[in-house]
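Analysis of the macromolecular model
The lines below spell out each chain.
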Amino acid sequence: MSTFSLDPGPDQLAVRDWLHGFAADVMRPAAAEWDEREETPWPIIQEAARLGIYSLDFYAQQYFDPSGVGIPIAMEELFWGDAGLGLAIVGTTLAAVAVLANGTDEQIGTWAPQMFGTPDDLKLAAFCSSEPDAGSDVSALRTRAVYQEATDEWVLNGTKTWATNGGIADVHVVVATVDPALGARGQASFIVPPGTRGLAQGQKFKKHGIRASHTAEVVLDDVRLPGHCLLGGKEKLDERLARARERAAGTAAGSGGSRGSGKNAAMATFEASRPAVGAQAIGIARAAYEVALDYAGTRVQFGRPIIDNQGVAFQLADMRTRIDASRLLVWRASWMAATNQPFTAAEGSMSKLYAGETAKWVTAQAMQILGGNGYTREYPVERMHRDSAIYTVFEGTSEIQRLVIARAISGLPIR
Ligand SMILES: Cc1cc2nc3c(=O)[nH]c(=O)nc-3n(C[C@H](O)[C@H](O)[C@H](O)COP(=O)(O)OP(=O)(O)OC[C@H]3O[C@@H](n4cnc5c(N)ncnc54)[C@H](O)[C@@H]3O)c2cc1C
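These numbers were taken from a predicted model, which means no experiment stands behind them.

So, the packing of helix 1 (residues 10-37) against helix 5 (residues 83-102)
Where helix 1 contacts helix 5, the two axes come as close as 8 Å, and the packing angle between them is 110 degrees. Considering the angle they form, helix 1 stands roughly perpendicular to helix 5. Each of Phe22, Met27, Ala30, Ala31 and Trp34 in helix 1 lies in contact with helix 5, whose residues at this interface are Leu85, Gly86 and Ile89. Looking at the contact of helix 1 with helix 5 residue by residue, the class counts come to 7 nonpolar, 1 polar and no charged.

Comments concerning the nonpolar core
With 102 residues, the main nonpolar core has Met115 and Phe190 as its most contacted residues. A total of 14 residues in this core trace back to one element, the largest contributor, which is helix 8 (residues 261-298).

Re the packing of aromatic side chains
Tallied over the full model, the rule gives 10 aromatic pairs. Ring geometry for tyrosine 391 versus phenylalanine 394: centroids 5.1 Å apart, planes at 85 degrees, classification edge-to-face. In terms of burial, tyrosine 391 and phenylalanine 394 fall into one category: buried. In this structure an aromatic cluster arises from ring pairing among Trp18, Tyr54, Phe58, Tyr59 and Phe116. When the ring centre of tryptophan 80 is taken as reference, the NZ or CZ atom of arginine 28 above it lies at 3.7 Å. A cation over a ring is seen here: arginine 322 above tryptophan 361, with NZ or CZ 3.7 Å from the ring centre.

Looking at the site of the ligand
Residues in close proximity to the ligand total 21 residues, the closest being Ser130, Ser136, Trp162, Thr397 and Glu399. Between the ligand and serine 136 there is a distance of 2.6 Å, counted from an oxygen atom to a side-chain nitrogen or oxygen. Between the ligand and threonine 164 there is a distance of 2.9 Å, counted from a nitrogen atom to a side-chain nitrogen or oxygen. Looking at the shell around the ligand, the elements with two or more residues in it are strand 3 (125-128), strand 5 (153-164) and helix 13 (398-410). The residue makeup of the shell around the ligand, split by class, is 11 nonpolar, 7 polar and 3 charged.

Comments concerning the layout of surface pockets
Put simply, the second largest pocket is a space of about 490 Å³. Lining of the second largest pocket is provided by 17 residues; of these, Phe4, Ser5, Leu6, Ser67 and Trp335 occupy positions nearest its centre. Sort the elements by how many residues they give to the lining of the second largest pocket and helix 9 (residues 310-338) lands first, with 4 residues. Residues belonging to the lining of the second largest pocket are distributed by class as follows: 8 nonpolar, 7 polar and 2 charged.

Side note on a nonpolar patch on the surface
There is a patch of nonpolar side chains on the surface, built from Phe4, Leu6 and Leu328 and spanning about 370 Å² of accessible area. By secondary structure assignment, the location of phenylalanine 4 is in the segment before helix 1.

Calculation criteria
Residues numbered from 1 in each chain as written. Predicted model: local features only at pLDDT ≥ 70, side-chain atom pairs only at ≥ 80, totals over all residues. Heavy atoms only, no water. Axes fitted to C-alpha atoms, helices over the stretch in contact; angles between N-to-C directions. Helix = DSSP H or I, 4+ residues; strand = E, 2+ residues; numbered from the N terminus. Parallel < 35°, antiparallel > 145°, perpendicular 65-115°, else oblique. Contact = heavy atoms within 4.5 Å. Nonpolar A, V, L, I, M, F, W, Y, C, P; charged D, E, K, R; others polar. Core = buried A, V, L, I, M, F, W, Y, C linked by side-chain atoms within 4.5 Å. Buried < 20%, exposed > 50% of the residue type's maximum accessible area, 1.4 Å probe, protein only. Phe/Tyr/Trp six-rings, centres within 6.5 Å; stacked < 30°, edge-to-face > 60°. Lys NZ or Arg CZ within 6 Å of the ring centre and 35° of its normal. Near = heavy atom within 4 Å. Polar contact = N/O pair within 3.5 Å; in protein donor to acceptor, adjacent residues only side chain to side chain. 1 Å grid on protein atoms, 1.4 Å probe; cavity = no way out; pocket = protein on both sides within 12 Å on 5 of 7 lines; lining within 4 Å. Points joined across faces, edges and corners; volume = space filled by probe spheres on them. Patch = residues over 30% accessible without salt bridge, like charges linked within 9 Å, V, L, I, M, F, W, Y side chains within 5 Å. Areas by Shrake-Rupley, 256 points an atom, 1.4 Å probe, with all protein chains shown as cover. Salt bridge = Lys/Arg side-chain N within 4 Å of Asp/Glu carboxyl O.

So yeah, pure geometry; function would need other evidence.
This is how it looks when you write it as structure tokens:
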């Protein structure tokens, strides 16, 4: 019989403290520099790898933590250190999770280690789904994958955009459409191994925040991949496509069809991965809140610290309350994923929505509490505010999270 507890165990607390040390001693002092440079912070990733923080083993350990809170605790701590550097360190995990969710055991064993490399030979991975005309509407992807039976090869053509680590990664995971008529159900994911001809980086984006994280277009021009690079394998894909075609035919004939297990599986994966992104947002919010709390206690105006004014103290009370509420939502959804609870109210999306909006709001309040100083790069809160803004956009915008929640709670196809 399990008992209710919000106490992380001693192992999780030890990981948290270890990561906090790295965030405070290595990330914090380097954050402003890499934000200005807008380059991939190789020395920081290297140091994370040397300590075992940038490693498959570390993420696997947190990912399989039975309570579910291993990943949220790790993300919060790293992003408390700095979001741009944090994303540079954890960006690879996006692609790793896609392999874990869709790959065979053999594919996971082959590719996951190659995505991280070793401290002496670092590797990165990128997950490429978004396209210029397919952002929130993933079903509109145009990148095409065509199978050539004679050579057992897949040929990929298209342009991906907004890919974290895109073009500088060693391993790219690319989502492409195999049967455009089937929309999202006609898509599959492919591994593009290191050095594959035809894959090139397009423009690298100059961003508002998380500037130490590389974001770029990825162009696929007749990229030829051996059959074994299809995640999950051909047999499984053929079965899935056949089911989708049957369902499409059934729907066209007016039978109404049923909600596909493929779509449900994809939704379950999103629900399970979104809390991790929410935890990153909490890290940023907590960092900004701490700066503001400290500042409010020391900045004197009208002969008293500004925190002595209810107007300022209440702002801090609300900031802390929303941060803690976000963490509870994130931990609940992570625990639900780890214990295979059904996400009947889209609790994963809920946690990402609330934490993302909270980070943007809390960092804005922090800037206000710091007055003119909050507006300068002498203090970190303006960077935190810029960094936080992505958390209402990527991994599903806030509007898309609301759409998913609204559909889950109503059972209606809300548009
Ligand atoms: C820094 C960064 C890193 C990223 N990393 C990756 C990555 O590694 N891999 C990857 O594949 N993608 C990545 N993305 C892409 C990201 O997931 C998309 O930007 C996001 O899904 C939104 O898509 P979009 O930008 O095309 O916006 P759009 O979909 O065009 O949305 C524009 C606006 O319309 C709203 N909107 C759209 N549809 C609806 C609707 N039905 N109801 C209500 N409102 C709606 C949106 O909420 C938004 O406010 C990244 C993006 C950024 C900026």
